[in-house]
Amino acid sequence: QVQLVESGGGLVQTGGSLRLSCVVSGQTINTIATGWFRQAPGKEREFVAGLNWDGWTTTYADSAKGRFTISPDNGKNSLYLEMTNLKAEDTAVYYCTADRTLGVVVRGHGIYWGQGTQVTVSS
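Residues numbered from 1 in each chain as written. Predicted model: local features only at pLDDT ≥ 70, side-chain atom pairs only at ≥ 80, totals over all residues. Heavy atoms only, no water.

### Here we look at unusual backbone geometry
The following threshold applies: For helices the rule is a DSSP run of H or I covering at least 4 residues; for strands it is a run of E covering at least 2, with both sets numbered from the N terminus onward. When a residue's accessible area, from a 1.4 Å probe over protein chains only, is under 20% of the maximum for its type it is buried; when over 50% it is exposed; and in between it is partly exposed.
A positive phi angle, near 50 degrees, is found at asparagine 77, a position not held by glycine. In this fold, asparagine 77 is placed in the loop between β7 (68–73) and β8 (78–83). Of the residues examined, asparagine 77 reaches a relative accessible area of 14% and is grouped as buried. Despite not being glycine, asparagine 85 shows a phi value in the positive range, around 50 degrees. Its place among the elements puts asparagine 85 in the loop between β8 and β9 (92–99). Using a relative accessible area of 42% as the deciding quantity, one classes asparagine 85 as partly exposed.

Listed below in structure tokens is the structure:
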């Protein structure tokens, strides 16, 4: 059974930074594609960033480009989302996800999901 557990969310002021973590168990991350989604109150879930099994091929939503960075830590079997220059519209529950291919992950159809971590940006 593959499990993903997010952490690192919290309250931050506009312009601040946060680093989210996702610990993966049951499957090594260098064999799967992973990614991050978010869902704001009253909004649909949206794609944020994706990372392929090679650990360096990435893709980002336009809203994340230049501000967010997705990266792996193979030693800890974890992935991270470094967020900088945070804005009020970044407020959401952030979820990590994983599946066999990056295409499936970025479309929101990954079969594995974490329970989410709350990010709140005050303005």
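### Concerning the pattern of salt bridges
Formally: What makes a salt bridge here is a side-chain nitrogen of Lys or Arg within 4 Å of a carboxyl oxygen of Asp or Glu, nothing more.
Evaluation of the coordinates by the stated rule reveals 4 salt bridges. We note a salt bridge from arginine 38 to glutamate 46, for which the minimum N-O separation is 2.6 Å. The partner of lysine 65 in a salt bridge is aspartate 62, and the shortest N-O contact between them spans 3.5 Å. Neither residue differs from the other here; lysine 65 and aspartate 62 are each classed as exposed. Through salt bridges with shared partners, a single network forms among Arg38, Glu46, Arg67 and Asp90.

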